[in-house]
Amino acid sequence: MGAHVFIWLIVVLVLLWVGKHGWEEYRIRRRSTLEDAIKYLYDCEEHHRYGVPEALAGKLGLSTRATLRLLHRMAQRNLIRFCGNRVCLTPAGKALGLQLLRAHRLWERYLSDYTDVPLREIHRLADKREHTLTQEDLQTLEATLGHPRRDPHGDPIPRESGEWMAEVGVPLTDWPVGQPARVVHVEDEPEDLFAQALAEGLIPGADVVILESKPEGLHLKVDGNDVWIASILAAQVHVIAAPARVEETPPMSLADLTRGERARVIGISREIRGLLRRRLLDLGFTRGAIVQEVLESAFGRGDPRAYRVRGTLIALRREQAEHIYAEPLTDEGGDVTP
Amino acid sequence: MTPTPGCSSCPFVQQLGIDLSEWDYLVALAGNPNTGKSTLFNRLTGLKQHVGNWPGKTVTRAEGGFEFNGKRYKLVDLPGTYSLLSASVEEEIARDFILFGNPDGVIVVMDATAVERNLNLTLQILEITDRVVVALNLMDEARRKGIHVNHRGLARELGVPVVPIVARTGEGIGYLMQALEDVIEGRVRTHPRRIPLDPALEHAVRELVPLIEQAFPGVRNARWIAIRLLDGDPTIERAVRTGELSALLTGELPRDALPVDETPQEEETLYPPGLAILKKADILRAALDEDFRDRLVEDIYNEAARITQRVVRVEGTPAQTWDERIDRIVTHPVWGLPLMLLGLALAFWVTVVGANYPSEWLATLLFGIEGLGARAFQALGLPWWVTGFLWHGVYRGLAWVVSVMLPPMAIFFPIFTLLEDLGYLPRVAFNLDWLFKKVGAHGKQALTMTMGFGCNAAGVIATRIIESPRERLIAILTNNFVPCNGRWPTLIMLGTVFVAAAFPPAFAAFAAAGSIVAAVLVGVLFTFIVSWLLSHTLLKGEASAFTLELPPYRRPDIVRILYTSLIDRTIFVLWRAVYMAAPAGGLIWILANVHVHGQSLVHWLAAFLDPFGRLLGLDGVILLSYIVALPANEIVVPTMIMAYSGASTVTEVENLAALKALLVGQAGWTLLTAVSLMLFAVLHNPCSTTILTIWKETGSKKWTLIGALLPLAIAFLVTFVVAQVWRLSGWVM
Ligand SMILES: Nc1nc2c(ncn2[C@@H]2O[C@H](COP(=O)(O)OP(=O)(O)OP(=O)(O)O)[C@@H](O)[C@H]2O)c(=O)[nH]1
Ligand SMILES: [Mg+2]
C-alpha cells in the first residue's frame, strides 16, 4: 500500500519535471529557430544577396509551411518585412542580427582563449550559446576578453554600435608565389574543410609562403612545415602580407633547453592567448627575461620542467614551454638576478 | 637593525583578534603569493590564518583588528597575486579591495629574496594608491642567502617607505607600524613612482586621463583607470558606463562593503560622459598595436629589473644551489617516487605507533568516568533512561570520538604541517603532474588532494588555485577520494585490529601503516580513474595549461606548527566531531533501547540493511553507522561500536583486544569485512559539510549531486565486486 503511494508520487514528480523541462526546451528551440533565421537573413544582406523563403527553409531544414509560419511570426514582431518576393530585415531585425553575430563571435573568442575546448568544436557551441547571451553579458564578455577585434577564425567582431572592422585579406589562391603572408581568416564552413585547414596548421596568425602553385593545389610552407593543400581549401584561407620575415626554421623555445642552460626570452607564440598569456607574462616570461632550465620531471620524461625566471622556480608543461621562444645565452656575463 | 622582540610582547601593537568594532583605519595586506602576508596578519591581529609554504594558500580575504598608538586598525589579508592586470578570481578580490575598498593604507608585503618579481605588483599598486608602505619581508632568508637589499635606496626609488621585517619573529614590525601611521596621517608624503609606458600607450593614456578627471572629479588614479579601460576590464567599464566610478572610488558607498560582490542586476542608468570615455577608449585602442598588453607587462618588468639592479646586491655563491640539490633528490627518477611513498608510510607509522597507547589511556580514563558518572546518577535515584541516555549515549559517543581521534590527529597534523611549511607539497605536484596530464586533469590537483588529507571541504575550497573551470570541477568532484582526517580513525582502527594482528608483533606497526598507505593509494588510484572518466565523458577536454611556482625551501617554524596543528586544527576538528558525536551518541542509544516487537530499533534497522550490506561484504550495522555519520565521518567508528555493543552484553570496550573480540566474536567480522570497510571508508560519499562546500563552490545542483552520488556509486560497485570475487574464490565464507 505504502509502496504504491510512493511509486505514484515518484511517477508524478518525474512527469512534472519532464513537462517543465520539455516546455522550456521547446521555448528555447522556438527562439533559436527564429534567431537562426534572422542570422541567415542578416548574413544575406551583408553579402548583398537576397533572402528568399525557399533558401531560408533549406538552410533551417524546415518544411514550407513551418517556414511560412516562422516568417509570419517574425513579421508580427516587426523584425522583417516583405519586399516583393524577398524578405528584408527591418531596423529592429538588423539590430537583432548584429547582436547575434556579436554574441556568436565573442563567444567563440571566449571559448578559444579562456577554455580548452578544441577549435573545431567552438563554432557548434557558439551556435547554441549565442541565443542566451544578453546585451549586458556581451559588454562584460567583451571587456573581459580585452576588446578582441576578431574571432578565432579571423572574422571581425562587430562593435555594439554596429561598427565593423573592415574585412581584409585575399584568398590564398590569389596570393603571389614566394611572398611571405600571414593568415588572417579561415572560413569556418563547411566544417570538414575547416578541420582540414586546422590540421595543416592554417590558423589565423600562421605564417605562410607559397612555394609552388599548381591548378590542383598549392605547395606551402606553414610555420616552417611543408604542406600540400587542394585549391578548394586554399580558397577558404585569407591572408595579408606578413608583417615580418617568416622564420626559416622555427625559433628555439624553452622546451629545447637542457639542464642548466640559460636563454633570453624573445616572445610568446600567438597560439597562447587570453588568461594564459597574461599569466605567463605576469610570471615574468616577458621579452628579454633571462630564463634558466633547472629541473625536469623524470616521471613525465622531462614534462613538466621547472625554470628559474626572475629569481623564482616556475614549472611549466611542455605545451606552454614550447610556445615561449627564446635565444640561447652563451656568455657567462649576464647574471640571473636572484 | 637590532631585532625587536616578537610582537605579542611588543609594547605598542595590541592584538584585537576579530574585534573589529569602531576601527579608525582600514588597512589592506597585499603582495605576491607566498611572501608572508598571512604570517604578518596573524602576528598583528593574533588570529590564526592558515599559512603554508606554497603559493595560493589564502584564496579569500580575511579580516582582523589591532591597536597601535591608540588607534584601532582593521586589517584585511588579501590573496596573493602576481599582478593586477589579468582577471583571475584572486586578482579580482585583491584588485577590487585596493581600488574600491578605499583602504586608508596598503601594506605591500615583498619577498626580499625575489625583489624583481615582487616589484611587478608593487609598481602596479603604486599606480592605484599613494598610501602605501612596503614591508620587505623574509629578511632572515635574504641574509641567509647573502642577498643584500638597500631598503633606503628602494624607498627612494619607489617614493614610499620601505621597512625590512621578519614577519615570523616580529622583527621590524614596530617600525612598519610607525611608517604606516605616518603615511595614513599624512606626516610622510609619498611620491609613488609611475610605470613608464611605451610611447604609443602613453599617448593614449594621456588622451583619456583629462576626460576621466573631468567626468569623475576627485578621482586620483585616472592614469590607472585609463590603462585598465584600454586593456579591457569589465568592472571598471561598468562603473564608467553607469557613472558609479566616483562613488566607488571615493568611498561614498559603504567603505568596506564591496560593491562588486553583489552587482545590482536592475536596469543600469547610463552616464553620458562615461559613454564618451568608453567610445574614446575604443578608438584609441584600435590605433594601438595588438601586442600592447605584452609591451605593458614588459615595461613594468623592465622597470623592476632596473630598480633591482640598483638596490640589490648578491654576495658569494647563490644559495639556490642547496635548494637545487634537494630538488634533485625529491624529483629524482629513481628515488623521487619511493621517497614520497616512504614519507607517507613513515608519517602513518609514527601516527599508528604513537597513537596506540595514548588512545588506550584516554579510553580507560574516559570510560572510567562514564562508570562513575552512571553510578552517581543511579545513587541519586534518577530513572534508568536518564542515566542511559546521558552517560551511555551522549557521553559515550563523546568519549569514543575523543579517544579514537585525538591521539592520531595530534600526531599526524604536525607532521603534515611540517611538510607543508618546508615547501615539499609543490614538489609532489611537480612529480605527479604527468599523471594528471594523462588523465586530462591539472597538476595542482595534487595540492588540493593533499589539503584533502586534512579535510575534504578545505580541499574543495583549495581548488580555487586551479584556473581552468573544467579541471577545477574534476578536482572538486574527486577530492573525496583522499581520506580526510575524519576517516583516518576508521583506517587506523582496521589497520591495527585486523591487518597488524595477522603479523608478528615486531612488524605489526609496519603492517598497519602499510595497509593504510595501501588504502590511500587505492583512493589515489580512483582519483585518477575518475578524473580520466570525467574528462572523457561529462567534462570533455584536453589538459590545459599548468604553471606552478616551486617556492624555496624554508626552515619550518616549529613553534607555530605545533601551535596551529595542535591547538588550532586538532581542537577545531575535534570540536566539530564532538558536537556531531554527542547527538549521534544519543541517537544510537535511543535506537538501541527503544524496543519494538521485542527487539531494539537498531536491530530492526540493521536487519533491514543487512542483506544489502552483505552484498558489499559489510553488514547492516556498518551501513547504519554511515547513515548516522553523514554529518561527520569522524563518528563512524564510535557509532558502529556503540551499535554493536548496545545490542550486546559487552558494554565496556576498553582496549583493542576487547574491540577485536567484539567485532569478530559478536559481530562476526571477517578479514573480508575489514577490507571492504577500508575500501568503503576511502571511496564512499563526502560528508555533509563537504557536500555543502561543493555546492557553494560550484553553485550548481547538478555538480553537487554528482559530487555526492558518484563516489557512493563507486564505493558500492567496488565493494560489491570485491566481495563477490572474494567469496567466489572461496577464501572466506
Ligand atoms: N623564514 C621566514 N619565513 C617566513 C617569514 N614570513 C613567512 N614565512 C613563511 O613563508 C611561508 C608563506 O607564508 P604565508 O603567510 O602563508 O604567505 P602568504 O603571503 O599569506 O601566501 P598566500 O596566501 O599564498 O598569498 C610560510 O611557510 C611561512 O612560515 C619570515 O619572515 N621568515
Ligand atoms: Mg596568505
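Residues numbered from 1 in each chain as written. Chains lettered and ligands numbered in written order. Predicted model: local features only at pLDDT ≥ 70, side-chain atom pairs only at ≥ 80, totals over all residues. Heavy atoms only, no water.

**Focus: the interface of chain A and chain B**
(1) Moving on: Facing the 51 residues of chain A at the interface are 72 residues of chain B.
(2) Moving on: When chain A packs against chain B, close to 5500 Å² is buried across both sides, 50% of that on carbon and sulfur atoms.
(3) Moving on: Along the contact surface separating chain A from chain B lie 10 salt bridges.
(4) Moving on: With a closest N to O distance of 2.4 Å, Arg310(A) and Glu116(B) form a salt bridge.
(5) Moving on: The interface formed by chain A and chain B includes 23 residue pairs in polar contact (both at pLDDT 80 or more).
(6) Moving on: Among the elements that take part in the side of chain A that touches chain B, helix α9 (residues 274-282) of chain A stands out by supplying 8 residues, more than any other. (Contact = heavy atoms within 4.5 Å. Buried area = accessible area lost by both parts, 1.4 Å probe. Salt bridge = Lys/Arg side-chain N within 4 Å of Asp/Glu carboxyl O. Polar contact = N/O pair within 3.5 Å; in protein donor to acceptor, adjacent residues only side chain to side chain. Helix = DSSP H or I, 4+ residues; strand = E, 2+ residues; numbered from the N terminus.)

**Observations concerning the site of ligand 1**
Residue and element names in this part refer to chain B.
(1) Moving on: Surrounding ligand 1, one finds 26 residues, the nearest of these being Lys37, Ser38, Thr39, Thr58 and Arg554.
(2) Moving on: It is helix α1 (residues 37-45) that contributes the most residues to the shell around ligand 1, 3 residues altogether.
(3) Moving on: Residue classes in the shell around ligand 1 are distributed as 7 nonpolar, 11 polar and 8 charged.
(4) Moving on: In this structure, the shell around ligand 1 is formed jointly by two domains, domain 1 (7-184) and domain 3 (339-728), each of which donates at least three residues. (Near = heavy atom within 4 Å. Nonpolar A, V, L, I, M, F, W, Y, C, P; charged D, E, K, R; others polar. Domains from an automatic or database assignment.)

**Concerning the sheet that holds strand β3 (residues 170-171) of chain A**
Residues and elements named next belong to chain A.
(1) Moving on: The antiparallel open sheet is built from 6 strands, whose spatial order is β3-β8-β4-β5-β6-β7. Of all the strands in the sheet, the pair left with one neighbour each is β3 and β7 (225-230).
(2) Moving on: In this sheet, strand β6 (residues 217-222) lies alongside strand β5 (residues 207-214) in antiparallel orientation, the contact comprising 6 bridges. From the neighbouring strand, Val208 faces β6, where its bridge partner is Val222. (Pairing = 2+ DSSP bridges.)

**Structural notes on the domain arrangement of chain B**
(1) Moving on: What the domain assignment reports for chain B is domain 1 (7-184), domain 2 (199-288) and domain 3 (339-728).
(2) Moving on: Placing the centre of domain 2 of chain B and that of domain 3 of chain B at their C-alpha centroids yields a distance of 51 Å.

**Overview of the packing of helix α7 (residues 199-215) of chain B against helix α11 (residues 272-287) of chain B**
All names here are of chain B.
(1) Moving on: Contact geometry for α7 and α11: axes closest at 10 Å, N-to-C directions at 175°. In terms of their interaxial angle, α7 and α11 are classed as roughly antiparallel. Two secondary-structure elements touch here, α7 through Ala204, Glu207, Leu208, Leu211, Ile212 and Ala215 and α11 through Pro273, Ile277, Lys280, Ala281 and Leu284.
(2) Moving on: When its residues are assigned to classes, the contact of α7 with α11 shows 9 nonpolar, no polar and 2 charged. (Axes fitted to C-alpha atoms, helices over the stretch in contact; angles between N-to-C directions. Parallel < 35°, antiparallel > 145°, perpendicular 65-115°, else oblique.)

**Some remarks on the nonpolar core**
Residues and elements named next belong to chain B.
(1) Moving on: Judged by nonpolar contacts, the single largest core of 125 residues is most densely connected at Trp488, Met640, Tyr644 and Trp669.
(2) Moving on: The contacts of Trp669, once residues within four sequence positions are left out, are Leu494, Phe498, Asp619, Ile622, Met640, Tyr644, Leu663, Val664 and Leu677.
(3) Moving on: Counting residues in hydrophobic clusters, the runner-up holds 95 residues, among them Ala30, Met110, Val149 and Phe216. (Core = buried A, V, L, I, M, F, W, Y, C linked by side-chain atoms within 4.5 Å. Buried < 20%, exposed > 50% of the residue type's maximum accessible area, 1.4 Å probe, protein only.)

**Re the side chain of Ser676(B)**
All names here are of chain B.
(1) Moving on: Mapped onto the elements of the fold, Ser676 is located in helix α27 (residues 671-683).
(2) Moving on: Judged by its relative accessible area of 0%, Ser676 is buried.
(3) Moving on: When neighbours within four sequence positions are excluded, Ser676 is seen to be in contact with Leu616, Gly617, Leu618 and Thr719.

**Focus: the domain arrangement of chain A**
(1) Moving on: Examined at the domain level, chain A breaks down into domain 1 (25-89), domain 2 (170-241) and domain 3 (254-328).
(2) Moving on: Distance from the C-alpha centre of domain 1 of chain A to the C-alpha centre of domain 2 of chain A: 34 Å.

**Concerning the sheet that holds strand β9 (residues 262-268) of chain A**
(1) Moving on: Across the sheet, 6 strands lie side by side as β13(A)-β9(A)-β10(A)-β11(A)-β12(A)-β10(B); this open sheet has antiparallel pairing. What marks the edges here is a single partner per strand, and that holds for β13 (324-328) of chain A together with β10 (547-550) of chain B. The mean angle between the axes of side-by-side strands here comes to 40°, regardless of whether they run parallel or antiparallel.
(2) Moving on: Here 5 bridges tie strand β11 (residues 305-309) of chain A to strand β12 (residues 312-316) of chain A, and the two strands are oriented antiparallel to one another. Each residue of the ladder has a partner; that of Arg305(A), found in β12(A), is Leu316(A).

**Digging into the pairing of strand β10 (residues 290-296) of chain A**
Residue and element names in this part refer to chain A.
(1) Moving on: Here β10 lies mainly inside the structure; 6 of its 7 residues are buried.
(2) Moving on: As paired elements, β9 and β10 share 3 bridges and run antiparallel to each other. If you follow Arg262 over to β10, its bridge partner there is Gln292.
(3) Moving on: Relative to β11, β10 is paired through 5 bridges, and the arrangement is antiparallel. Its bridge partner being in β11, Leu295 is matched across the sheet by Ala306.

**Things to note about a nonpolar patch on the surface**
Residue and element names in this part refer to chain B.
(1) Moving on: Together, Leu418, Ile558, Leu562, Tyr563, Leu566, Ile567 and Ile571 make up an exposed nonpolar region whose accessible area comes to about 570 Å².
(2) Moving on: Looking at the nonpolar patch, the element that brings in the most residues is helix α22 (residues 558-593), giving 6 residues.
(3) Moving on: Counting through the fold element by element, Leu562 comes out in helix α22. (Patch = residues over 30% accessible without salt bridge, like charges linked within 9 Å, V, L, I, M, F, W, Y side chains within 5 Å. Areas by Shrake-Rupley, 256 points an atom, 1.4 Å probe, with all protein chains shown as cover.)

**Quick notes on the state of the cysteines**
Residues and elements named next belong to chain B.
(1) Moving on: The final tally for this structure, using the stated rule, is 1 disulfide over all chains.
(2) Moving on: There is no disulfide at Cys455, and the cysteine sulfur nearest it, in Cys484, is 6.3 Å away.
(3) Moving on: Residue Cys484 stays outside any disulfide, its sulfur separated by 6.2 Å from that of Cys687, the closest cysteine. (Disulfide = S-S within 2.5 Å.)

**Some remarks on the confidence of the model for chain A**
Residues and elements named next belong to chain A.
(1) Moving on: Per-chain confidence: chain A averages 81 in pLDDT, with 92% of residues scoring 70 or above.
(2) Moving on: Highest mean pLDDT in chain A belongs to β11 (93); lowest belongs to helix α1 (residues 2-46) (79).
(3) Moving on: Predicted confidence is poor over residues 333-338, with pLDDT under 50, and the contacts of this stretch with residues over four places away or in other chains come to 13 contacts. (pLDDT = per-residue confidence, 0-100.)

**Observations concerning the packing of aromatic side chains**
Residue and element names in this part refer to chain B.
(1) Moving on: Under the defined criterion, the tally for this structure stands at 20 aromatic pairs over all chains.
(2) Moving on: A ring pair is formed by Tyr25 and Tyr73, whose centres lie 5.5 Å apart and whose planes are at 55°; its orientation type is tilted. A residue pair is termed long-range when its members are at least 10 positions apart, and Tyr25 in strand β2 (residues 25-31) and Tyr73 in strand β4 (residues 71-77) qualify at 48 residues. A single burial state applies to Tyr25 and to Tyr73, both of which are buried.
(3) Moving on: The interplanar angle of 75° and the centroid separation of 5.2 Å between the aromatic rings of Phe612 and Phe716 together place this pair among those described as edge-to-face. Here Phe716 lies in helix α29 (residues 701-728) and Phe612 lies in helix α23 (residues 601-615), a separation of 104 residues in the sequence.
(4) Moving on: The class of Phe612 is partly exposed, set by a relative accessible area of 37%. (Phe/Tyr/Trp six-rings, centres within 6.5 Å; stacked < 30°, edge-to-face > 60°.)

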